[in-house]
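Below are the chains, spelled out letter by letter.
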Amino acid sequence: MSFPLVERSALAARLLRLALAAFCFLLPLIVVLLPHWPVVALWAAGVVLPLLALFAFGQRPRVDPTLVAWIAPLFAWALCSAFWAFDAKEALLLAPRSFATLLVTLLLADCFARLPPPLVAAALRWLLPGFALALLLLIEERLSGLAIMQRLAGVSYAGAREADHLNRSALGYALLGFAGALLLWLRGPRWTAFAFLATLTLLLTLFSSTTALLAAAVGLLLLCLTLWRRALGLGLLLAALLLALPLMPLVAWVSGRLHLADAAWVGLTGQSRAYIWDFVLARVQERPLLGWGMDAAASMPNFGVTPFFKFQDHVIPLHPHSVGLQLWLELGLIGVLLALPPLLLLWRRLARAPWPGNSFLVAAAGAVLVAGGLSVGLWQSRWLGLECLALVLPLLVRRGGTA
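Let me begin by describing the structure that accompanies this report. (Residues numbered from 1 in each chain as written. Predicted model: local features only at pLDDT ≥ 70, side-chain atom pairs only at ≥ 80, totals over all residues. Heavy atoms only, no water.)

### Considering the overall build of the protein
From N to C terminus, the protein includes 16 helices and zero strands. For the protein, the C-alpha atoms occupy an extent of roughly 65 × 45 × 45 Å along the three principal directions. A total accessible area of about 18000 Å² is found for the protein, and carbon and sulfur atoms account for 70% of it. (Helix = DSSP H or I, 4+ residues; strand = E, 2+ residues; numbered from the N terminus. Areas by Shrake-Rupley, 256 points an atom, 1.4 Å probe, with all protein chains shown as cover.)

The following block contains the structure:
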């Protein structure tokens, strides 16, 4: 049985309302204009909001002990693997930093799940204006060639750098968009949620980010299927999880058998991905059990292979553009086996959570898996923070969306 929280400090409660409203309004803007900063927003919210909830209502910050117990072995293994990585010093710092980011995410998720619904509902009034303004800025940055973003960064972006930054903003907005759609669904009329997601998907065709477009389209399709048949949506999400992680070497093998690295119809980006995956698959086969060590992808030698693009020094440009392949490459089969239990536990909890609002969380998870399978790095803070926020924000919306 749950009991309503009693306000203990009027000042702390007022600050909590302001901080939560600022989080709702600013987060979409940060994702668009400062695509490297989502992890900063995650850490700021994950520390400040639980502390304010403690002072305002006596709500003690906590993390899910079961999830922590299942996640910890993976990062312990990652820490061990740092000793045979190419850059052991960097890997030894990266493992605890990534683990801490996940702990902050769990802290924020628990805080969202226990805040008073009326307080959350008041803050959520700022979420849709934030999404609307961010959408206008995304279009403006596309048309102006990153005018605001360049002014904020104090540098000039051109050519590939301009496209890269635009793609990050577009992908970030696409992943967070399912939380905005959930709020439209809960407050009605429900068709506005689908109109928003369909419009967003069409808009993403104006960007060069195939990943952002696929993430939005797959998420929208998964949402429709889950609302139609809950078991179907959950089954497809589970299949996507398996394809994105343990079975990703099989996907890379099929890509190689189809010679996609030489197939012009997949586009230059698709060809480069297939080329990198061929190279990574060969390295995975050389060390399938232990892997090459945490963050080895960033320093992986070329082993006599010429990079796909002549302007690149390494065949792997920082990461393999597939979290599943990166997991296999760096942590081996042991790392994959340690990563699966917490992910399957989260999937099981999602399957047992209240419906139909959680259909949007299924869709967001599917979109995150598309991004993870095709583009983002496993350990990079900017991507890890964005993915965590895309999965946590719907929890906040679900808490206060109907209040």
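Now that the structure is up, let's keep going.
### Notes on the packing of aromatic side chains
In total, this model carries 15 aromatic pairs according to the counting rule given. The rings of Phe86, Phe279, Trp292 and Phe303 are connected pair by pair, giving a single aromatic cluster. Over the face of the ring belonging to Phe303 we find Arg283, whose NZ or CZ atom lies 4.7 Å from the ring centre. Above the ring of Trp292, the side-chain terminus of Arg287 is found at 3.9 Å from the ring centroid. (Phe/Tyr/Trp six-rings, centres within 6.5 Å; stacked < 30°, edge-to-face > 60°. Lys NZ or Arg CZ within 6 Å of the ring centre and 35° of its normal.)

### Structural notes on the environment of Ala82
For Ala82, the location among the structural elements is in the loop between helix H3 (65-81) and helix H4 (88-114). Residue Ala82 is classed as buried on the basis of its relative accessible area, which comes to 0%. Along the sequence, Ala82 and Glu330 sit 248 residues apart, while their C-alpha atoms lie 9.3 Å from each other. With sequence-adjacent residues up to four places away left out, Ala82 is seen in contact with Ala88, Ala91, Leu92 and Met294. (Buried < 20%, exposed > 50% of the residue type's maximum accessible area, 1.4 Å probe, protein only. Contact = heavy atoms within 4.5 Å.)

### As for the pattern of salt bridges
Applying the stated criterion across every chain yields a total of five salt bridges. For Arg349, the salt bridge goes to Asp64, with nearest N and O atoms at 2.2 Å. A residue pair is termed long-range when its members are at least 10 positions apart, and Arg349 in helix H14 (residues 323-352) and Asp64 in the loop between helix H2 (38-57) and H3 qualify at 285 residues. The closest approach of N and O atoms between Glu286 and Arg283, which form a salt bridge, is 2.7 Å. Of this pair, Glu286 and Arg283 are both found in helix H13 (residues 267-286), three residues apart, which corresponds to roughly one turn of the helix. (Salt bridge = Lys/Arg side-chain N within 4 Å of Asp/Glu carboxyl O.)

### Focus on the packing of helix H5 (residues 117-124) against helix H16 (residues 381-400)
Packing of H5 against H16 brings their axes to within 7 Å, and their N-to-C directions diverge by 115 degrees. For the pair H5 and H16, the sense of crossing is left-handed. Along its contact with H5, which presents Pro117, Val120, Ala121 and Leu124, the element H16 presents Leu396, Val397, Arg399 and Gly400. Partitioned by chemical class, the residues of the contact of H5 with H16 number six nonpolar, one polar and one charged. (Axes fitted to C-alpha atoms, helices over the stretch in contact; angles between N-to-C directions. Left-handed = near helix turned anticlockwise from the far one by under 90°. Nonpolar A, V, L, I, M, F, W, Y, C, P; charged D, E, K, R; others polar.)

### A closer look at H13
With 20 residues, H13 should cover 28 Å at 1.5 Å per step; its first-to-last C-alpha distance of 29 Å lies within 8% of that length. Among the residues making up H13, those that are buried are Gln271, Ser272, Arg273, Ala274, Ile276, Trp277, Phe279, Val280, Leu281, Arg283 and Val284. Tucked into the core, H13 has its buried residues touching helix H10 (210-228), helix H12 (248-257), H14 and helix H15 (359-374). (Expected span 1.5 Å × (residues − 1).)

### Looking at the nonpolar core
Core analysis: the biggest nonpolar cluster contains 132 residues, and Leu16, Leu20, Phe112, Leu175 and Leu396 have the highest contact counts within it. Ignoring any residue separated from it by four or fewer positions in sequence, one finds Leu20 in contact with Leu49, Phe112, Leu115, Leu119, Val120, Ala123 and Leu396. (Core = buried A, V, L, I, M, F, W, Y, C linked by side-chain atoms within 4.5 Å.)

### Topic: the side chain of Thr211
For Thr211, the location among the structural elements is in helix H10. Of the residues examined, Thr211 reaches a relative accessible area of 8% and is grouped as buried. With sequence-adjacent residues up to four places away left out, Thr211 is seen in contact with Leu171, Arg273, Val370, Ala371, Leu374 and Ser375.

### What about a nonpolar patch on the surface?
A grouping of Leu79, Phe83, Trp84, Leu92, Leu289, Leu290, Leu333 and Leu337 is seen on the molecular surface, where their side chains present a nonpolar patch of about 710 Å² in accessible area. As for its position among the elements, Leu289 is in the loop between H13 and H14. (Patch = residues over 30% accessible without salt bridge, like charges linked within 9 Å, V, L, I, M, F, W, Y side chains within 5 Å.)

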